[in-house]
Amino acid sequence: MKNLRYLKPIFSFFLIGLCITTISRILLFFVFKERVVANPEYGQLFLIGLRFDLILLSYIAFLPAALLSLLPDSVLKYFKKFFNFYFIFFLFLFLLMELSTLDFINQYDTRPNRLFLDYLIYPKEVVGTLIKSYLPSLIVTTILLGIALFFAFKHGKKIFYPLDSAYKTKLFLFPIVAFFLFFGARGSLTSKRPINASNAIFCSDQMTNSLGLNSLYTVAFAAYSIKNEGDVKKYGKMDELEAYARVKKYMDVTEFIPGEVPFLHLQKPDEPQPKYNVVIFLQESLGAEYVGCLNGLPLTPQLDKLSKEGLLFTNLYCTGTRSVRGIEQVTAGFLPNPSESIVKLSGSQQGFFTLADAFGRQNYDTSFIYGGMANFDNMASFFNGNGFKNIIDETDFDKDGKKYALKGTWGYSDEDLAVKANEYYKSLGNKPFFSLMFSTSNHEPFEFPDGRIDLFEQPKNTVNNAMKYADFSIGKFFELAKKEAYYKNTIFVVIADHNTRTYGKNLVPVNKFHIPALIIAPNVEKGITYDDLASQMDIPSTVLALSGITTKTPMPGRNLIKLPKGTKGRTIMLFHETYAFRVEDDIVILNPNAKPLQFKVKSDSELIPVALNEELAKDALAHIVASSNLYKKRVYKID
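Residues numbered from 1 in each chain as written. Predicted model: local features only at pLDDT ≥ 70, side-chain atom pairs only at ≥ 80, totals over all residues. Heavy atoms only, no water.

Undergrad: Explain the overall build of the chain to me, and be specific about the residues and the numbers.
TA: Across its full length, the chain carries 21 helices and 18 strands. Principal-axis analysis of the C-alpha atoms gives the chain an extent of 90 × 55 × 45 Å. Of all 639 residues assigned to the chain, the portion counted as buried reaches 57%. Pairs at least 24 apart in sequence give 73% of the contacts found in the chain among residues at least 6 apart. About 26,900 Å² of surface is accessible on the chain, with carbon and sulfur atoms providing 59% of the total. (Helix = DSSP H or I, 4+ residues; strand = E, 2+ residues; numbered from the N terminus. Buried < 20%, exposed > 50% of the residue type's maximum accessible area, 1.4 Å probe, protein only. Contact = heavy atoms within 4.5 Å. Areas by Shrake-Rupley, 256 points an atom, 1.4 Å probe, with all protein chains shown as cover.)

Spelled out as structure tokens, the structure:
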């Protein structure tokens with residue numbers, strides 16, 4: 001062992017790192033024990049965890065190990081402070097990420113990932129949310145990190161300073177040390193590919209699988225994967241034309257316009273009718289479980305009442321778990337891609353089809369109205385470059401000098417949004433308009449004005465109370481709109497962007513993708529329901545068909561109102577990197593670098609494994625490949 005004393009900093013780093021991640025994993029195991037032990041092979045969790053901890057530790061340790069082995073002691077003495085800082089820095093990151101994990105899992109049902117990185121660029125909103133919703137956790141984390149840093153810098157010299165050793169011995173041992181670190185970082189010598197996050201999947205519960213990783217690994221992997229945005233080869237390969245042909249099977253279109261845009265077709269009214277205004281009221285996090293008329297909690301009396309005035313979709317599913325996914329669908333109807341929403345991708349910031357683009361060509365006023373900052377999640381850039389002529393956000397509320405009900409962490413309240421939007425629509429006079437309204441009050445820390453609702457529960461700032469307030473604001477908007485001339489000539493759509501916390505024991509928690517959608521329009525029968533399986537991506541196609549305009553469109557969604565009887569319903573759901581393609585009660589699930597899995601949907605919360613239908617699996621892959629090609633080749637447009 002004396003010959004290995006020069007590697008003491010490496011051994012110490014591994015030991016402390018493993019202590020941090022293992023203790024964290026054990027604590028998480030007990031916090032989520034009920035879900036974890038529901039999987040018969042849950043014991044694998046700790047072996048998988050050890051494997052991934054060693055992978056990351058080996059990666060980080062390679063540089064200092066090479067320096068310790070290849071540099072003579074006379075040179076190493078100048079690197080002592082470097083080693084001390086290097087190891088303390090990475091151990092600090094390990095501890096910080098593990099301390100952040102419990103709250104992140106409680107919110108997103110998985111370890112920190114790309115979402116963690118996304119929110120780092122919005123410090124104002126994130127800090128406000130942390131202080132108002134996670135103050136105890138923030139205090140505990142700060143104290144623990146402070147204590148850890150105190151002891152690290154007090155004892156770091158003893159632990160991480162290199163010890164003298166015979167230079168020839170170090171050179172002799174270096175190939176062996178390098179081999180073990182290479183083996184550790186790769187995770188395997190028998191596999192053709194290095195071990196990656198997909199190797200942590202040992203059960204059907206997504207959250208339990210994520211516990212087998214460590215949070216610094218998941219965030220680092222997400223950062224590394226950014227360079228592969230749009231690369232769908234990890235799901236499989238398929239010829240472009242085959243992919244397009246398979247997607248077309250699921251479109252209710254009989255004739256496509258020849259040219260470079262694969263899904264381009266003509267949308268026109270079935271019969272002569274007026275050109276209607278369109279208002280889409282996108283609701284933050286309003287899952288079906290909170291909607292009374294969808295057999296959810298009794299939190300939406302206004303929406304329940306309004307459902308008697310239009311067409312309610314009772315079996316409709318969103319495509320993702322983030323607002324940008326909902327925005328992507330209701331404004332562009334784009335095939336969801338596992339890499340990232342097109343709202344945030346650089347190649348879709350101009351010349352990308354949206355409903356605003358289509359209506360703008362018909363001389364409509366097009367607008368986005370939001371109580372928060374429109375630069376959040378890159379919304380302003382995407383909207384500005386793709387047909388939205390007027391963007392009204394928090395800064396406009398600030399400037400008009402009026403007294404509003406509440407300005408919170410995420411911006412002005414939903415009732416303020418309702419008032420602002422109604423005033424804007426009135427100001428347009430007889431000019432036709434298309435508008436997207438986006439609510440904020442359903443977002444943590446769930447701030448809303450006092451005295452608007454009878455609280456569902458105590459304390460005030462809970463998700464259920466916020467949902468009830470959001471419903472109050474929906475009612476307020478329609479109350480205001482019904483008094484105005486534009487109301488009788490407008491198609492109104494109320495739809496959620498996604499559910500709130502998306503979690504569950506299945507690889508894809510189907511029940512958490514169920515959302516409400518309601519269309520109230522002059523040309524839609526009142527008090528009816530659409531009960532067949534449908535997707536969020538079908539709504540813009542349906543609205544466009546109702547609008548009375550004639551336009552080209554590349555949207556692959558269906559006009560649900562005119563869908564031939566007997567057509568099988570289909571949905572697409574993205575849960576992190578897991579891609580689910582559902583046709584009626586059959587669902588194919590694709591994970592990166594893994595074989596497709598198929599289940600029978602017995603209920604939204606129960607999936608039964610069945611033999612894989614190869615054709616259905618190819619259809620699922622086709623939608624991923626087609627989406628990627630549409631984006632990469634810039635062929636999601638009208639002309």
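Undergrad: Give me the lowdown on the environment of K552, citing residues and values where you can.
TA: As for its placement among the helices and strands, K552 is situated in strand β13 (residues 551-553). Taking the C-alpha atoms as reference points, K552 and D639, separated by 87 residues in sequence, lie 8.7 Å from one another. Not counting residues within four places of it along the chain, the set of residues in contact with K552 comprises I257, L264, H265, L266, F353 and I638.

Undergrad: How would you explain the sheet that holds strand β18 (residues 606-610) if you had to name every residue and give the values?
TA: On the basis of which strands lie adjacent, the open sheet formed by 5 strands has the order β14-β15-β16-β17-β18 and antiparallel pairing. The strands lining the two open edges of the sheet, one partner per strand, are β14 (570-575) and β18. Strand-to-strand twist of the sheet, defined as the mean angle between neighbouring strand axes without regard to direction, takes the value 30 degrees. Across 6 bridges, the pairing between β14 and strand β15 (residues 578-583) is antiparallel. In the sheet register, L574 faces β15, and the bridge partner there is Y579. Packing of helix α21 (residues 614-632) onto the sheet brings it into contact with β14, β15, β16 (586-590) and β17 (597-603), and relative to β15 it is tilted by some 125 degrees. (Pairing = 2+ DSSP bridges. Axes fitted to C-alpha atoms, helices over the stretch in contact; angles between N-to-C directions.)

Undergrad: So, the environment of R325: which residues are in play, and what are the values?
TA: Tracing the backbone through its elements, the reader meets R325 in helix α14 (residues 323-332). R325 sits 211 residues away from Q536 along the chain, and the two C-alpha atoms are 9.8 Å apart. Looking at R325, its side chain comes within polar contact range of the main-chain oxygen of N337, at 2.6 Å. (Polar contact = N/O pair within 3.5 Å; in protein donor to acceptor, adjacent residues only side chain to side chain.)

Undergrad: I'd love a proper account of unusual backbone geometry, names of residues and values included.
TA: Of note, the amide linkage connecting E444 to P445 takes the cis form, showing an omega dihedral of 10 degrees. When you line up the elements, P445 lands in the loop between β8 (433-438) and α19 (463-481). A cis geometry characterises the amide bond from Q458 onward to P459, with omega recorded as 0 degrees. Here P459 shows up in the loop between β8 and α19. Although it is not a glycine, N363 adopts a positive phi angle of roughly 65 degrees.

Undergrad: Pulling in residues and values, what's your account of the packing of helix α1 (residues 8-31) against helix α3 (residues 44-70)?
TA: It is at 10 Å that the axes of α1 and α3 come closest, and there the two elements cross at 155 degrees. On the basis of the axis angle, α1 is roughly antiparallel to α3. Like other packed secondary-structure pairs, α1 and α3 cross with a definite hand, here right-handed. Its residues placed into classes, the contact of α1 with α3 shows 17 nonpolar, 5 polar and 2 charged. (Parallel < 35°, antiparallel > 145°, perpendicular 65-115°, else oblique. Left-handed = near helix turned anticlockwise from the far one by under 90°. Nonpolar A, V, L, I, M, F, W, Y, C, P; charged D, E, K, R; others polar.)

Undergrad: So what's going on with the nonpolar core? Which residues, and what values?
TA: If you look at the biggest cluster of nonpolar residues, it comprises 140 residues, and the most contacted ones within it are Y425, F477 and I495. Looking at this core, the element that brings in the most residues is α21, giving 10 residues. Filtering out sequence-adjacent residues up to four positions away, I495 remains in contact with I280, F281, L282, Q283, L316, V330, I515, P516, A517, Q536 and I539. Membership of the second largest hydrophobic core comes to 47 residues, among which are F87, I105, I195 and Y217. (Core = buried A, V, L, I, M, F, W, Y, C linked by side-chain atoms within 4.5 Å.)

Undergrad: Please provide a residue-by-residue account of a nonpolar patch on the surface, values included.
TA: On the surface, V127, L130, I131, L135, L138, I139, V140, I143, L144, I147, F150 and F151 cluster together to form a nonpolar patch covering roughly 1,000 Å² of accessible area. Elements that contribute at least two residues to the nonpolar patch include exactly α7 (123-133) and α8 (135-160). Mapping L135 onto the fold places it in helix α8. Overall, L135 belongs to the partly exposed group, its relative accessible area being 39%. (Patch = residues over 30% accessible without salt bridge, like charges linked within 9 Å, V, L, I, M, F, W, Y side chains within 5 Å. Salt bridge = Lys/Arg side-chain N within 4 Å of Asp/Glu carboxyl O.)

Undergrad: Let's hear about the pattern of salt bridges: which residues, and what values?
TA: Per the stated rule, a full pass over the model turns up 33 salt bridges. Overlapping salt bridges, with partners in common, bring together E242, R246, K249, E615, K618 and D619 in one network.

Undergrad: For α1, give the residues involved together with the corresponding values.
TA: Taking 1.5 Å per residue, 24 residues should reach 34 Å; α1 reaches 34 Å between its end C-alpha atoms and fits that length. Turning to α1, its buried residues number three or more, namely P9, I10, S12, F13, F14, G17, I20, T21, S24, R25, L28 and F29. Taken together, the buried residues of α1 touch α2 (33-36), α3, α5 (80-108), α8, α9 (167-186) and α10 (206-211). (Expected span 1.5 Å × (residues − 1).)

Undergrad: If you had to explain the pairing of strand β4 (residues 365-370) to someone new, which residues and values would you point to?
TA: Across the 6 residues of β4, 6 count as buried, placing the element largely inside the fold. Neither face of β4 is exposed, since D365, S367 and I369 on one face and T366, F368 and Y370 on the opposite face are all buried. Direction of pairing for β4 relative to β8: parallel, over a ladder of 6 bridges. Bridge pairing in β8 links F368 to L436. In this sheet, strand β5 (residues 390-392) lies alongside β4 in parallel orientation, the contact comprising 3 bridges. Paired with S367 across the bridge in β5 is N390. Running through helix α16 (residues 379-385), the crossover from β4 to the neighbouring parallel element β5 is right-handed. (Right-handed = clockwise from strand over helix to strand, strands pointing away.)

Undergrad: Give a detailed account of α19, specifying residues and quantitative values.
TA: When the terminal C-alpha atoms of α19 are compared, their 27 Å separation across 19 residues agrees well with the 27 Å that a helix rising 1.5 Å per residue should span. Burial within α19 is extensive, with 15 of its 19 residues counted as buried.

Undergrad: Please give an account of the packing of aromatic side chains that cites residues and values.
TA: Here the structure, examined in full by the defined rule, presents 54 aromatic pairs. The interplanar angle of 20 degrees and the centroid separation of 6.0 Å between the aromatic rings of F85 and F89 together place this pair among those described as stacked. Of the two residues, F85 and F89 are both situated in helix α5; the distance of 4 residues between them amounts to about one turn of the helix. For F89, a relative accessible area of 37% puts it in the partly exposed group. Above the plane of the ring of Y317 lies R582, whose end atom (NZ or CZ) is 5.5 Å from the centre. (Phe/Tyr/Trp six-rings, centres within 6.5 Å; stacked < 30°, edge-to-face > 60°. Lys NZ or Arg CZ within 6 Å of the ring centre and 35° of its normal.)

Undergrad: Any chance you could break down the packing of α3 against α9 for me, citing the residues and the numbers?
TA: Between α3 and α9, the shortest axis-to-axis distance is 9 Å and the interhelical angle comes to 165 degrees. Relative to α9, the element α3 is oriented roughly antiparallel. The element α3 and its partner α9 pack so that their crossing is left-handed. On α9, the residues that touch L54, I55, S58, Y59, A61, F62, A65, A66, L68, S69 and L70 of α3 are Y167, K170, L171, F174, V177, A178, L181, G184 and A185. When grouped by side-chain class, the residues that make up the contact of α3 with α9 number 16 nonpolar, 3 polar and 1 charged.

Undergrad: Give me the environment of G326: which residues, what numbers.
TA: Tracing the backbone through its elements, the reader meets G326 in helix α14. You can call G326 buried: its relative accessible area is 0%.

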